[in-house]
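# Structural overview
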Amino acid sequence: MSVDPANTSRRCIRCGHIEKKNRPHQDRFCCLDCGFVEHADIVGSHNIAYRAAEDYRAQSTVPGVA
């Protein structure tokens with residue numbers, strides 16, 4: 001399964017706000033909405049994992065998973 005990487009480094013893992021300016025530097029993430037700060041790679045990896053889990057639940061045929 002693959003995950004669309006669009007905006008994974010721009011979406012806040014705390015509040016969900018997506019904005020290009022949330023990523024002021026290559027390695028820094030700072031949400032302009034809630035102020036959450038973290039390394040950009042950490043934020044991106046959390047968002048990719050979240051999307052993978054959401055995609056799995058949406059495609060699952062196991063009762064009670066979706």
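Structure shown above.
In this report, we go over the structure that sits alongside the text.

Rules of the game
Residues numbered from 1 in each chain as written. Predicted model: local features only at pLDDT ≥ 70, side-chain atom pairs only at ≥ 80, totals over all residues. Heavy atoms only, no water. Core = buried A, V, L, I, M, F, W, Y, C linked by side-chain atoms within 4.5 Å. Buried < 20%, exposed > 50% of the residue type's maximum accessible area, 1.4 Å probe, protein only. Contact = heavy atoms within 4.5 Å. Helix = DSSP H or I, 4+ residues; strand = E, 2+ residues; numbered from the N terminus. Polar contact = N/O pair within 3.5 Å; in protein donor to acceptor, adjacent residues only side chain to side chain. Salt bridge = Lys/Arg side-chain N within 4 Å of Asp/Glu carboxyl O.

What follows deals with the nonpolar core. Counting residues in hydrophobic clusters, the biggest one holds five residues: C12, F29, C31, F36 and V43. Every residue in contact with F29, bar those within four places of it in the chain, is listed here: S9, R10, R11, C12, N22, F36, V37, E38, A40 and V43.

Structurally, T8 can be placed in the segment before strand 1 (28-30). Of note is the side chain of T8, whose polar atom sits 2.9 Å from the backbone oxygen of P5.

Opposite charge on two side chains permits pairing when their charged atoms draw close. On inspection of all chains with the given rule, the structure shows one salt bridge. When the shortest N-O distance is used, the salt bridge between E54 and R57 registers 2.6 Å. You can see E54 and its partner R57 sitting in helix 1 (residues 40-59), three residues apart, about one turn around the helix.

So yeah, pure geometry; function would need other evidence.
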